[in-house]
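Close look at the chain arrangement
Each chain is listed here by its residues.
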Amino acid sequence: MVKVYAQGKIIECDRGANLRRVLLDHGVNLYNNQASLINCHGIGTCGTCAVELEGDISELGWREQGRLSLPPHIGSSRRLACQVRVEGDVAVNKFNGFWGQGTEPMWTAAD
């Protein structure tokens, strides 16, 4: 088991688990405002689940790379939670903006 630190919670999950699913299953508010209603539900096309990650995660795949190459994520180091597999302990931070592209934290790993 590995640990995910998000919104003040410590969540244990299996290695290789999908980060979006882990967060949502444990009540972590992954989407900002109306993005909770208008998102791609994990397909990797909308970009609203963008988060800042620190820890052991899967490599960037073609689908995620494609979405992150479009506005507003161009040049960002953020990742799409729906496309990330947890490979070890991970700290997650979520930022403001519809797509999580802002500079002000909505919540951090410790909040």
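It should be noted that the structure appears before, not after, this text.
Notes on the structure in this doc start here. Source: prediction; values computed, not measured. (Residues numbered from 1 in each chain as written. Predicted model: local features only at pLDDT ≥ 70, side-chain atom pairs only at ≥ 80, totals over all residues. Heavy atoms only, no water.)

**A few points about the pairing of strand E1 (residues 2-6)**
Burial of E1 is one-sided: the residues Val2, Val4 and Ala6 facing one way are buried, the residues Lys3 and Tyr5 facing the other way are not. With 5 bridges joining them, E1 and strand E2 (residues 9-13) adopt antiparallel strand pairing. Its bridge partner lying in E2, Val4 is registered against Ile11. Where E1 folds back onto E2 in an antiparallel hairpin, the turn is made up of 2 residues, including Gln7, whose phi is positive at roughly 50 degrees. Relative to strand E6 (residues 85-95), E1 runs parallel, the two sharing 2 bridges. By the bridge assignment, Val4 is partnered in E6 with Val90. (Buried < 20%, exposed > 50% of the residue type's maximum accessible area, 1.4 Å probe, protein only. Helix = DSSP H or I, 4+ residues; strand = E, 2+ residues; numbered from the N terminus. Pairing = 2+ DSSP bridges.)

**Quick notes on unusual backbone geometry**
The bulk of non-glycine residues show a negative phi, and the bulk of peptide bonds are trans. The omega angle of the peptide bond from Pro71 to Pro72 is 0 degrees, so this bond is cis rather than trans. Examined against the element boundaries, Pro72 turns out to sit in the loop between helix H2 (62-68) and strand E5 (79-80).

**Structural notes on the side chain of Asn32**
Note that Asn32 resides in the loop between helix H1 (19-25) and strand E4 (50-57). Accessibility expressed as a relative area gives 3% for Asn32, which makes it buried. Here the side chain of Asn32 touches Phe95 through a polar contact of 2.7 Å, landing on its backbone oxygen. Within the structure, the side chain of Asn32 is placed 2.8 Å from the backbone oxygen of Gly97, a separation counted as a polar contact. In this structure Asn32 touches Lys94, Phe95, Asn96, Gly97, Phe98, Gly100 and Met106, once residues within four positions along its chain are discounted. (Polar contact = N/O pair within 3.5 Å; in protein donor to acceptor, adjacent residues only side chain to side chain. Contact = heavy atoms within 4.5 Å.)

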